[in-house]
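Residue-level listing of the chains:
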Amino acid sequence: MAIHVLDSYVSLDDYAKLCGISRRSVLNRIRSGTVRGIIVDGTYAVSPELNPPKSFAHHKFKKTKGGAVDIYPELRAVVAWCNKKDIRSYPFLRAIITGKIDGWVLAGEVFARVSDLEAFRKNNGK
């Protein structure tokens, strides 16, 4: 088991700072197709390499044929998943760090497969 770090993606807030615009403007650009991003369990991420930061993006600019694409539908944000279940997230995060569960780090958030989280919860009596 391993921790996979997707460091080519940044959060919407970080991308907005790079562009010098608001977070809402980045979401509008994703929706209109001028910026391509990914979404994993409700968390948006944008690659600055694929979408060079621009402070001004006119609607006549070339579209990226995108928006937000869910490329990892089986992943869940560990802390948010634990909060919904009303359980502590530390054992799950510790299991990711020690290699008992595969983990992904994307835009400052830790993700894991929902099946792995449920199996860990069942086996450890949480």
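Conventions and cut-offs
- Along each chain, numbering runs from 1 in the same order as the chain's sequence is written.
- The predicted nature of this model means local features are confined to residues of pLDDT at least 70 and side-chain atom pairs, given and counted, to a pLDDT of 80 or more, with totals for whole chains, interfaces and linings taken over all residues.
- Note that the side-chain values use all heavy atoms of the structure and ignore hydrogens as well as water.
- Numbering of helices and strands runs from the N terminus; a helix is a DSSP stretch of H or I covering at least four residues, while a strand is a stretch of E covering at least two.
- Strand pairing is defined by DSSP finding a minimum of two bridges between the two strands.

Draft legend 1. Up close: unusual backbone geometry. Positive phi, close to 60 degrees, is recorded for D86, a residue that is not glycine. One can find D86 in the loop between α3 (78-85) and α4 (90-98). Its identity is not glycine, yet A107 carries a phi of approximately 55 degrees, on the positive side. By the secondary structure assignment, A107 is in the loop between β7 (103-106) and β8 (109-113).

Draft legend 2. Expanded view of the pairing of β8. When strand β6 (residues 75-77) meets β8, the two strands line up antiparallel, connected through 3 bridges. Pairing of R76 across the sheet is with A112, part of β8. The pairing of β7 with β8 spans 3 bridges and is antiparallel. When the sheet's bridge partners are listed, L106 is paired in β8 with E109. With antiparallel pairing between neighbouring strands as the criterion, β7 and β8 make up a hairpin whose turn holds 2 residues, including A107 at a positive phi of roughly 55 degrees.

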